[in-house]
Amino acid sequence: MNFAPLPTVDVASVPADALVLDVRENDEWAAGHVEGALHVPMSDFVARFGEVTEAVADGRRAYVMCRVGGRSAQVTQYLVQQGIDAVNIDGGMLAWEGAGRPMTTDHGAAPVVL
């Protein structure tokens, strides 16, 4: 079998208005996330797949994020197989934080990456 390489971008290449799909679990999300990101934990992904297809219905690219890039790579591969324009964010939230990209929380505390 011949697999195409997984589409991947670095954090600096993610547009400010991008659709970021965060597949981390709830505790990770609560600690810190990209403002405006769509949060669909990998553990709920199949059940909530409709939310993802709705978000990309206008042809937007999904930038898939987890902590370091492993879970998001699996989700990106699945999305691409479904014909969705998706790319994996290399290095995940750790790289995002390291690059000084903006983060937020839902509870007003300083955002951190768990």
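Here's a quick rundown of the structure. (Residues numbered from 1 in each chain as written. Predicted model: local features only at pLDDT ≥ 70, side-chain atom pairs only at ≥ 80, totals over all residues. Heavy atoms only, no water.)

Moving on to the overall build of the chain. When helices and strands are counted, the chain shows four helices and five strands. Counting from the amino terminus, helix and strand elements in the chain follow one another as β-β-α-β-α-β-α-β-α. Its C-alpha atoms give the chain a radius of gyration of 13 Å, near enough to 13 Å, the size a compact globule of 114 residues would have. In terms of principal-axis extent, the alpha carbons of the chain reach across some 45 × 25 × 25 Å. (Helix = DSSP H or I, 4+ residues; strand = E, 2+ residues; numbered from the N terminus. Rg over C-alpha atoms; globule rule 2.2 N^0.38 Å.)

This part takes up the pairing of strand β4 (residues 62-65). Each regular strand carries side chains that alternate between the two faces of the sheet. Both faces of β4 are covered, namely the face carrying A62 and V64 and the face carrying Y63 and M65. Sheet topology places strand β2 (residues 19-22) next to β4; four bridges connect them, and they run parallel. Across the sheet, the residue bridging to D22 is M65, located in β4. Across three bridges, the pairing between β4 and strand β5 (residues 86-89) is parallel. Within β5, the residue paired with A62 across the bridge is A86. (Buried < 20%, exposed > 50% of the residue type's maximum accessible area, 1.4 Å probe, protein only. Pairing = 2+ DSSP bridges.)

Going residue by residue along β2, you find L19 and L21 tucked away on one face and V20 and D22 tucked away on the opposite face as well. For β2 and strand β3 (residues 38-39), the ladder comprises two bridges, and the chain directions are parallel. The partner of L21 across the bridge, within β3, is L38. Tracing the backbone out of β2, into helix α1 (residues 26-31) and back to the parallel element β3 gives a crossover that is right-handed. (Right-handed = clockwise from strand over helix to strand, strands pointing away.)

Take the sheet that holds β4 next. Taking strand neighbours across the sheet as the criterion, the five strands line up as β1-β5-β4-β2-β3 in an open arrangement whose pairing is parallel. Of all strands in the sheet, those with a lone pairing partner are β1 (8-9) and β3, marking the two edges. Sheet strands in contact with helix α3 (residues 70-81) are β2, β4 and β5, and its direction is about 170° off that of β5. (Contact = heavy atoms within 4.5 Å. Axes fitted to C-alpha atoms, helices over the stretch in contact; angles between N-to-C directions.)

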